[in-house]
Amino acid sequence: MGLIEGVGLIVAMFVTIPAIKLIKADRSSLLIFVAIILNSIGLLAIGLFVSPTNVDPSTIWNPNLMAGMLFVGVGYILFLQTITVWSKRLYPEDSRGQFEGIRIVFYVLIPMVIAPFISNPVIKNSGEFVDEYGFTEYLPTNAVFIAGLIVLLVTLIPLYFADKEHKK
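This is a predicted model, so every value here is computed, not measured.

Caption draft 1: Inspection of the overall build of the chain at higher detail. Secondary structure assignment for the chain yields 7 helices and 2 strands. The secondary structure elements of the chain, listed N-terminal to C-terminal, are α-α-α-α-α-β-β-α-α. Considering only C-alpha atoms, the chain reaches an extent of 60 × 30 × 25 Å along its principal axes. When the 168 residues of the chain are sorted by exposure, 29% land in the buried category. For the chain, contacts bridging at least 24 residues in sequence account for 66% of all contacts bridging at least 6.

Right, here's the structure in full:
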């Protein structure tokens, strides 16, 4: 499974290289919008068409999973590149280190704290599994990807306001 994800992300890196022209042209909000749409397509594809019953972990050829990972990967890498450059252009020259630390709080710390509050209820409501010894386990299911899609689409709201402010 890790190989499939790795292939999708490596291909995604090369697909996003042409995006540099749009970043340089200060079209970051458009690029982020495209990244959100591509990521949404991937999450929807994985959420609807990928399950443990139709993925063969012994081979790399799992078309639904590969397509979903490709779209998620392109969207993720494109978003990460664009938002990093966009935010760093806003930093004051003499305080870049301080602002980089603040960026890490919002890009890493807060998502790591909030994500379990979203994913745990989804997993507990859709991924309960009793193993061969009678123990109840919870495994992520397709519902996690659909929940991720919903959270991702919510990001369009602040993007709208950020784009509006950026154009001023």
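The discussion continues.
Caption draft 2: Looking closely at the layout of surface pockets. Reported here for the largest pocket is a volume of approximately 1,700 Å³. If you go around the largest pocket, you meet 35 residues; those closest to its centre are Phe 79, Pro 111, Val 151, Leu 152 and Thr 155. Of all elements in the fold, only helix H3 (28-49), helix H4 (63-90), helix H5 (96-126), helix H6 (142-154) and helix H7 (156-167) reach the threshold of two or more residues within the lining of the largest pocket. Examining the composition of the lining of the largest pocket, we find that 10 residues originate from one element, H5, more than from any other. Classifying every residue of the lining of the largest pocket by side-chain character gives 28 nonpolar, 6 polar and 1 charged.

About the criteria used
Residues numbered from 1 in each chain as written. Predicted model: local features only at pLDDT ≥ 70, side-chain atom pairs only at ≥ 80, totals over all residues. Heavy atoms only, no water. Helix = DSSP H or I, 4+ residues; strand = E, 2+ residues; numbered from the N terminus. Buried < 20%, exposed > 50% of the residue type's maximum accessible area, 1.4 Å probe, protein only. Contact = heavy atoms within 4.5 Å. 1 Å grid on protein atoms, 1.4 Å probe; cavity = no way out; pocket = protein on both sides within 12 Å on 5 of 7 lines; lining within 4 Å. Points joined across faces, edges and corners; volume = space filled by probe spheres on them. Nonpolar A, V, L, I, M, F, W, Y, C, P; charged D, E, K, R; others polar.

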